[in-house]
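Given next are the chains, with one letter for each unit.
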Amino acid sequence: MENLDAARLQMAFTLAFHIIFACIGMVMPFFMVVSHYKWLKTRNKIYLTLTKSWQKGVAIFFVTGAVSGTALSFELGLLWPEFMKHAGPIIGMPFSLEGAAFFVEAIALGFYLYGWNKLNERFHWITGVIIGISGVASGILVVSANGWMNAPSGFDYINGEFLNIDPVAAFLNPAWFTQALHMILAAFTATGFAVGGVHAYQIYKKRNVALHKKAFKIAVTFGAIAAILQPISGDISAKDIAQRQPVKLAAMEAHYDTEKGAPLYIGGIVNEETQEVKYKIAIPKALSFLSFGDFDAEVKGLNDFPKDTHPPVAITHYAFQTMVGLGTILLIAGIIFLLSYKKKHWMDTKKYWLLFILLAPAGFIALEAGWVVTEVGRQPWIIYNIMKTKDAVTPMPGMIYSFYMYLFLYTILAVVVTWLMQRQIKVLNKTSVEL
Amino acid sequence: MIYVVLFFLAFSLFLYVLLGGADFGAGIVELFSSKENQQITKKTIYRVMGPIWEANHIWIIIVMVILWVAFPVYFNIIMISLHIPLTLILIGITLRGVSFIFRHYDAVVDESQKIYNGLFRFSSVFTPLLLGMTFGGVISGSIILPEHLSQYNFGEVYIASWFNVFSLLTGIFFSALCAFLSATLLIGEADEAHEKIYRRKSAIATIVVVLSGSILIIYGYVNDFVFIKDFIQNPYSISLIGASALVLIPLWIHIRKGHKILSRFYAGLQVVMIIAAAMIAHFPYVLITKQGELSLLEGVAPDSVIRVLGVSLIVGGLVILPGLFHLLKSFKMIKVLEP
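Residues numbered from 1 in each chain as written. Chains lettered and ligands numbered in written order. Predicted model: local features only at pLDDT ≥ 70, side-chain atom pairs only at ≥ 80, totals over all residues.

Where an unreviewed UniProt entry is consulted, chain B appears under the name Cytochrome d ubiquinol oxidase subunit II, with the organism given as Zhouia amylolytica. The Sequence similarities (unreviewed entry) comment attached to chain B in UniProt states, word for word, "Belongs to the cytochrome ubiquinol oxidase subunit 2 family." Under the heading Subcellular location (unreviewed entry), UniProt records this for chain B: "Cell membrane". (UniProt positions renumbered as here; feature names shortened; annotations may be inferred.)

For chain A, an unreviewed UniProt entry supplies the name Cytochrome d ubiquinol oxidase subunit I and the organism Zhouia amylolytica. Turning to chain A, the UniProt record has this under Sequence similarities (unreviewed entry): "Belongs to the cytochrome ubiquinol oxidase subunit 1 family."

In structure tokens, the structure reads:
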């Protein structure tokens, strides 16, 4: 395997790993403080047990997210030294602010975890809120740096040199808002349904139902609201990409020929050689409408762009389909959940819980697929239309061994964290029965 | 503004060495303790470090960010030629972080604790050793500039740059510093029966620091290392080292009298002086390569970037430092902690 491919594999794998832990570490504090708030209001012991149990989860996920994030801050330079040499100063602002936000989060976490019975109750709760807010701020800032790779701005590119650097303009690049909004909603959806799914399984197995029902409701309320809002953000993103990165949009849709009133393809098998998409469902004129708000607008096809600037079409298309498909299913599940507040008898059926158990991984699969769309869809560029990924990679040979090492380390880590969570739940079920 | 950035770079580096170093050192002390003392040390570390543990290790991220934003040329060279030790450091940081949390947050206490403990102790030695070796690599004069890579083979570029006697000695010296910091910190935290253990550890660590430091300087001098030659000729560096040796006297007095805060202050001061001596010795030519010395200020980011970075750092500092201080203060007095 070529060094470039190995470096890309390692980056993709470590990012994919980090994203899961970072999202849970970012969103779970919100569940935790809601439960904590309910404990303070109602003094119902179940909420206290739940809060303390979630806080252990937050600690474990936060640390795993933090160490894999530290690794990423090194990997950016280790794998892509040429990229960082030029991009580092330009996108330094979101990264330095992110460092600060992350710091605030770690400090607040220190207060929160060790503050039980020692701090003023209200202050203690507020430190929990700060964990959540600074986590979301970190997320937005990091995504803004990624947005810059898609929408490079804040500099003049003259004769291969980056001149007149304006870090603030780079930070507030045209993609930052659409990407950050989409990602934050995705994080809430994915974590909400994942945590909800875990508790749904416990309810399904009739273990400590009172506690798990409360947990399920808090988590899925966040997930459902985010899932319902997500299509709006998706629409903003699609229209933005149609303008800024038409070749990415074409790859997402496996759309080879430029046409007016372009149809939207759902599913289908892409053959990159013959440029055909077989077995698809085509909705007439829908792509034009979704991209430009006009049924007859012209959508550029891949063939309008030089072949060496095409991203891998099949992967981008499948990833996009996966994301939208699962997003839609989660949206429906979100509505079902909200309706079950009215139709309480739904919660007495096994089918209801089974649905949410099955959907537990759906949000994260969609989220990862979305990142595949963004990242693979930007290829062959690392900085869109400025620097190619192959020109940024480290000259050090043998990157494949580094990839294997991370694969090994992180796989074990993922297994151990899952095992720890399962032990956590077992203990939780035992202790609260005694309450 | 470049001075603000340099200040924060030095400041973050010092805090990482002090807080992160004491944290690494705790694992080293634990490793070199008898079975029974290991349990006590483990509990003490958790009590002292637990609340600030997360924050200790974020300083390295701040250092990285400042380096790549403000000093991209340096960052680029280090990232290419020291790829291997930096990757090993990452493994160390990862194993250490997760094993620390796992051993305290695992809901069930059973045999798996042995694995967590083992990993924690091993990575506590391994990581600072490699951190020291990496720094040793930076100043050893064996790094090859990226534009000359093609003239050398893999071993010369990616291994000899950090895997050499000089770097190894630097690594041992740095690990000893960490152990020294931590043992001194733990003296004040243990109950009277166990204070003795840490006093002894602190004394042993001091001896190792002095010995390994002397060997490092002698080895460097005999073998004509530019850094060492300049180090011993630099009046500031020599005075700082002399001063840090003198501080041993008040440090011992305060340890003996059981002054917790003062003995910590002097131990920290000593380490800061040693690191400062090393940094000043060759400033701003911190990086010494096969192709000559390279100033930190060479290839520095444009003014517009430095300005924004400086402001971000000041704002960040204003938010973070009071919070961190409050955190340290809030938990210092607490004797019994339950997660």
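On we go from here.
Overview of the overall build of chain B
Looking only at helices and strands, chain B features 14 helices and 2 strands. Over its C-alpha atoms chain B spans a radius of gyration of 20 Å, differing by no more than 12% from the 20 Å that the globule rule assigns to 339 residues. With respect to the three principal axes, the spread of C-alpha positions in chain B is 60 × 45 × 40 Å. The proportion of buried residues among the 339 residues of chain B is 53%. For chain B, restricting intrachain contacts to residue pairs at least 6 apart in sequence, the fraction spanning at least 24 positions comes to 79%. (Helix = DSSP H or I, 4+ residues; strand = E, 2+ residues; numbered from the N terminus. Rg over C-alpha atoms; globule rule 2.2 N^0.38 Å. Buried ≥ 20, exposed ≤ 12 C-beta atoms within 10 Å, placed from the backbone. Contact = placed C-beta atoms within 7 Å.)

Digging into the nonpolar core
Among the nonpolar cores identified, the biggest contains 256 residues, and C23 and F31 of chain A together with I66 and L177 of chain B are the most heavily contacted of them. Leaving out residues up to four positions away in the same chain, I66 of chain B has contacts with V5, F8, L9 and S12 of chain B. (Core = buried A, V, L, I, M, F, W, Y, C linked by C-beta atoms within 7 Å.)

As for the packing of helix α7 (residues 176–204) of chain A against helix α13 (residues 362–376) of chain A
Residue and element names in this part refer to chain A. With their axes 7 Å apart at the nearest point, α7 and α13 run at an angle of 150° to one another. With respect to each other, α7 and α13 are oriented roughly antiparallel. The segment α7 lies against α13, with A186, T189, A190, F193 and A194 engaging A362, G363, F364, A366, L367 and G370. Residues belonging to the contact of α7 with α13 are distributed by class as follows: 8 nonpolar, 3 polar and no charged. (Axes fitted to C-alpha atoms, helices over the stretch in contact; angles between N-to-C directions. Parallel < 35°, antiparallel > 145°, perpendicular 65-115°, else oblique. Nonpolar A, V, L, I, M, F, W, Y, C, P; charged D, E, K, R; others polar.)

Let's talk about the environment of V73 of chain B
With respect to the secondary-structure elements, V73 of chain B resides in helix α5 (residues 72–81). Residues V73 of chain B and E147 of chain B lie 74 residues apart in sequence; the distance between their C-alpha atoms is 12 Å. Aside from chain neighbours lying at most four places away, what touches V73 of chain B is K85 of chain A together with E298 and G299 of chain B.

Quick look at unusual backbone geometry
Residue P380 of chain A is bonded to the preceding Q379 of chain A through a cis peptide linkage, with omega at 5°. Position of P380 of chain A among the secondary structure elements: in the loop between α13 and β7 (381–383). In this structure, the amide linkage connecting F283 of chain B to the following residue, P284 of chain B, adopts the cis form with an omega of 0°. Positioned with a positive phi, N208 of chain A is a non-glycine residue whose angle comes to about 45°. Counting through the fold element by element, N208 of chain A comes out in the loop between α7 and α8 (209–244). Residue classification places N208 of chain A among the buried positions, given that 22 C-beta atoms sit within 10 Å.

Section: the pairing of strand β5 (residues 276–283) of chain A
In summary, the side chains of a regular strand alternate between the two faces of the sheet. Residues and elements named next belong to chain A. Relative to β5, strand β4 (residues 264–271) is paired through 7 bridges, and the arrangement is antiparallel. Across the sheet, V270 pairs through a bridge with V277, a residue of β5. Count of turn residues in the β4/β5 antiparallel hairpin: 4 residues, of which Q275 carries a positive phi of about 60°. (Pairing = 2+ DSSP bridges.)

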